[in-house]
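Spelled out from the first residue to the last, the chains are:
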Amino acid sequence: MTRKLSLAALSACLILSCTLVAHAQGSIVVYPNPANFGTGDLNLTGYPLTFYISNTGTTALQVTDMTISGTNASSFAFDGATCVGTISGSQSCQMYMTMTPLAKGTLAATLNVSVSGLTSAITVPLQGFGGNPYPNITALSPPTVYQGSAATKLTITGTGFLTSSVAYVNQSPIPIPTTYVSGAQLTAQVPASDLSGTGADEIAVVNPAPGGGVSAEFYFQIVSLAPIINTVEPASIVAGTASTPIVIQGSSFANGATVLWNGIALPTTYTNSGQLQAQVSTTDLATATIVQLSVSNPSPGGDSDSILFNVTYPATVLTLDLPANDLVWDPFAQVIYASLPSSYGVNGNTIAVINPTTGATAYHYAGSEPTKLALSGNGTYLYVGLDGDSSVKRFILPAFTPDISVNLETSTSGPLVAGSLAVSPTDAHMFALTTTTSACCEQDGQLEFFTDTKLLNKLSNTEMNDLIFANATTLYGYSSGEVSQVAVSSTGGTLGTQWSGLVEGSQIAYDAGLIYGGSGQVFDPATGELTGTFDVGAGCCNDSNILVSPDAAINRAFALGVTPFFSGFGITSYNLSEFVPVAVTNLEQITSNSLLTFIPWGSDGLAFIAQPNGCCPENAPQVVVVTSPEMLLTTGKKNNPKPAISSLTPATAAHGSGNFKVLIQGSGFVPGSRVTWNGKQLSVAYLSTTNLRAYVPGSAIASTGTASVVVTNPPPAGGASTPMPVPID
């Protein structure tokens, strides 16, 4: 290979050749000659030495070969390309050589430069000296020592150690007692005075001259007895994941520390005093749960404080850019209705009809600024609050045929609108609403009852922003920590008992006779007392940004928002018997600090409106549909029984009579039981192991005949029941 030629180097070489020892035959000059590499550490390659091969004549010459010979030839080597090749007249070639002492003492060899046309090679003496090796530390044992320990024997592993090697701590001028074991191992006694505090001690090994030197510093940690966990990566794992490692970051991890998973040791690898890696088994990740994770140091060390680690529910999350004001689930049509404002472009002022499985959406014009929604118990009517014209309008489903319209009054603050809306579960024509002004975040709270367009009565001075029919004769209203019981009859409502300070949060929910507050309270209006509280981490003063959806049939309550059991946004599931958290669905991809509506849909999912920036936001809300059979217990690992149907109520249906509910009685029902009507799946509510409620749409009984009802339980095991016939008269 031809190297770059330097005229400046050639000139320097010509001058030096007159004053330095050099060997020249013909027109080739080699510099330096002899070449002295100085003293080098044993087995350590030194810095390259630069050589110039110069052609002092005017005719190009050919360097044909370069070799190294002599007693210590193996201690010298070319570094990179040599100058073998053509060197033009008055040019020079630059190359490099290194020395790696393979023995102690004086080293000598010869560089041989063969030139075309010369009978003998140009020889350059190579000289150097092999000194003591440079020490290198690769490991310390133990890598950690407890704070306050007595003087500790440290085993130092590495290379280049001598009988004269000594160890130092923290750059002290005085070495610690050091014992030579081998060229790869030393032992040293670290005094107790260097183990009094926590932190890192620096260990270095020094070899004497010639050669030798100070090794790079190697650290061993002085740790406290109790370790500390700071973070875990990943922060959570989805249930059903195969065995996977987790990395625990913290401090004061001793060599031999173990990661505990609910108190059970995991296979743990010590990385350093601030990091451990543990392997979580497939079995540990089989089911969603909240884990107590801790670190245990070997004796006499102790355990860290536990932190929560989440094995989260598997979930499919569908985010729809719909600036909805309210949501309601229609179990007969198996769709979600969402009210959309005029700001939503060509589909503004509509009711969106959402397929929660696919996200497919259709739109039906509703009127000016639709907000609050309420569905009749038989799924025949959808009531819509229209803020734009201060009214409530009713639509006949499923065609969204406009029906009645009720105009609301005007107050001194302006036109009134529906602040909340509820329909009697047994009378599709009776509904209740509270009035408020359309000004942002204001409420008047007057409660009004209607049958169709007829105003039955009003309850003034009853501030309520949330209404729930418990049954045909009882309605509950809520506002700012106060629950109001209202008796309902054909003449309207009568205010009954009011309870203050027992239930808190922005909204309430009702199920199986109990009222649930957004702050985690479970209130029994029959006794006027709390039956329990589950911790959602909500603040005081009724400003909780948590929404709750209970399901007593599966003994669960679901809290939407940020709870103490997950660092990000999610849905936390609670056991209603013990009021303790079970597991979390991770929804960290959703950014929201204000939640408007939280509803269950079908058997497998929940849906909500996520709205940034609180009341009167600048950014539009989104509709989020979450599908998680595991969270709602409609799938699991245990074998399911085969279901059996014993009876249906009603046992027959009249064709053309519209939507209806059927109570299915039998045995072996589970939360994941599915019901089909002539092979078409119905929406179903699990009530108990012996009762299901199925929602039959009117289209299923449009003509006479006989329908076949089948209950199917999912795997593992499970299976289908014997079909039960339903005459359609």
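This text follows the structure it describes.
Position numbers for residues count from 1 along each chain, tracking the sequence in the order it is written. The predicted origin of the model limits local features to residues at a pLDDT of at least 70 and limits the giving and counting of side-chain atom pairs to 80 or more, whereas totals for whole chains, interfaces and linings rest on all residues. Just so you know, side-chain values use all the structure's heavy atoms and leave hydrogens and water out.

A.B. asks: Please provide a residue-by-residue account of the overall build of the chain, values included.
C.D. replies: When its secondary structure is counted, the chain shows one helix and 65 strands. Scaling as 2.2 N^0.38, a compact globule of 729 residues should have a C-alpha radius of gyration of about 27 Å, whereas the chain reaches 42 Å, well beyond that. Dimensions of the chain along its principal axes, counting C-alpha atoms only, are 125 × 65 × 65 Å. Evaluated residue by residue, the chain yields a buried proportion of 47% over its 729 residues. A contact between two residues is defined here by any heavy atoms of the two lying within 4.5 Å. Counted over contacts in the chain with a minimum sequence separation of 6, partners at least 24 positions apart contribute 54%. Accessible surface for the chain amounts to roughly 30,500 Å². Of this, 52% is attributable to carbon and sulfur atoms. Put simply, the chain has 17 plus and 40 minus side-chain charges, and the middle of one group is 11 Å from the middle of the other. Helix and strand definitions follow DSSP, with helices as H or I runs of at least four residues and strands as E runs of at least two, each counted in order from the N terminus. Restricting the calculation to C-alpha atoms gives the radius of gyration, and the globule rule supplies 2.2 Å times the number of residues raised to the power 0.38. Accessibility here uses a 1.4 Å probe with only protein chains present; expressed as a share of the type maximum, an area under 20% marks a residue as buried, one over 50% as exposed, and anything in between as partly exposed. Each accessible area value is a Shrake-Rupley result obtained with a 1.4 Å probe; residue values ignore everything except the protein chains displayed when judging cover. For this count, His and the chain ends are skipped, Lys and Arg are scored as positive, and Asp and Glu as negative. One atom stands in for each charge, and that atom is NZ of Lys, CZ of Arg, CG of Asp or CD of Glu.

A.B. asks: Talk me through the pattern of salt bridges; I want residue IDs and the actual numbers.
C.D. replies: The term salt bridge refers to a side-chain nitrogen of Lys or Arg lying within 4 Å of a carboxyl oxygen of Asp or Glu. Enumeration over the complete set of coordinates arrives at four salt bridges. As a salt-bridge pair, Asp403 and Arg394 come within 2.7 Å of each other at their nearest N and O atoms. A residue is classified by how much of its surface remains accessible, and Asp403, at 30% relative accessible area, is partly exposed. Across the salt bridge formed by Arg674 and Asp604, the nearest N and O atoms sit 2.6 Å from each other. Here Asp604 lies in the loop between strand 55 (594–601) and strand 56 (605–611) and Arg674 lies in strand 60 (residues 674–677), a separation of 70 residues in the sequence. Residue Arg674 is classed as partly exposed on the basis of its relative accessible area of 23%. Several salt bridges converge on common partners, so that one network encompasses Arg394, Asp403 and Asp452.

A.B. asks: Give a detailed account of the state of the cysteines, specifying residues and quantitative values.
C.D. replies: In this description, the term disulfide denotes a pair of cysteine sulfurs within 2.5 Å. Per the stated rule, a full pass over the model turns up one disulfide. In this model, Cys83 is linked to Cys93 through a disulfide, with the two sulfur atoms separated by 2.0 Å. Negative torsions about the S-S bond denote left-handed disulfides, and the value of about -90° found for Cys83 with Cys93 makes this one left-handed. Highlighted residues: Cys83 in the loop between strand 6 (76–78) and strand 7 (85–87) and Cys93 in strand 8 (residues 92–99), separated in sequence by 10 residues. We note that Cys83, like Cys93, is buried.

A.B. asks: Account for the sheet that holds strand 54 (residues 580–586), naming residues and giving values.
C.D. replies: Overall, antiparallel pairing links the four strands, which are arranged 51-52-53-54 in an open sheet. Single-partner strands in this sheet number two, and they are strand 51 (547–551) and strand 54. Mean inter-strand twist for the sheet, computed between neighbouring axes without regard to direction, equals 20°. As paired strands, strand 53 (residues 570–575) and strand 54 are joined by six bridges and run antiparallel to one another. When the bridges of strand 54 are listed, Thr572 appears paired with Val584. Pairing between strands is defined by DSSP: at least two bridges between them are needed. Working convention: axes come from line fits to C-alpha atoms, limited for helices to the stretch in contact. Angles between N-to-C directions cover 0 to 180 degrees.

A.B. asks: If you had to explain the nonpolar core to someone new, which residues and values would you point to?
C.D. replies: Think of a nonpolar core as a cluster: buried Ala, Val, Leu, Ile, Met, Phe, Trp, Tyr and Cys residues, connected wherever their side-chain atoms sit within 4.5 Å. In this structure, Phe608, Ile664 and Trp677 are the most contacted members of the largest nonpolar core, which totals 61 residues. In this structure, Ile664 is in contact with Ile645, Ser647, Leu648, Phe669, Val675, Thr690, Asn691, Leu692, Ala694, Val709 and Val711, ignoring residues within four places of it in sequence. Residues Val30, Phe76, Val113 and Val115 belong to the second largest nonpolar core, which totals 23 residues.

A.B. asks: Requested: an account of the sheet that holds strand 30 (residues 326–330), with residues and values cited.
C.D. replies: The antiparallel open sheet is built from four strands, whose spatial order is 30-31-32-33. The open sheet has two free edges, formed respectively by strand 30 and strand 33 (361–365), since each of these has just one partner strand. Taken over all neighbouring pairs, the strand axes of this sheet differ in orientation by 25° on average, direction set aside.

A.B. asks: Hey, could you go over unusual backbone geometry for me, with residue numbers and the actual values?
C.D. replies: Omega for the bond connecting Asn33 with Pro34 falls within 30 degrees of zero, at 5°, which places this linkage in the cis form. Along the chain, Pro34 falls in the loop between strand 2 (28–31) and strand 3 (35–41). Leu397 connects to Pro398 through a cis peptide bond whose omega is 5°. For Pro398, the location among the structural elements is in the loop between strand 36 (391–396) and strand 37 (401–407). Look at Asn170: it is not a glycine, yet its phi comes out positive at around 50°. Examined against the element boundaries, Asn170 turns out to sit in the loop between strand 14 (166–169) and strand 15 (178–182). Despite not being glycine, Asp452 has its phi angle at roughly 50°, a positive value. Structurally, Asp452 can be placed in the loop between strand 41 (446–451) and strand 42 (454–459). By relative accessible area, Asp452 is classed as partly exposed at 24%.

A.B. asks: A description of the pairing of strand 57 (residues 622–627) should follow, citing residues and the corresponding values.
C.D. replies: Summarising the sheet, strand 29 (residues 316–320) and strand 57 pair through five bridges and their orientation is antiparallel. Considered in strand 57, the bridge of Thr316 is made with Thr627. Inspection of the sheet shows strand 56 paired to strand 57 by six bridges, in the antiparallel sense. Of the residues in strand 57, the one forming a bridge with Leu606 is Val626.

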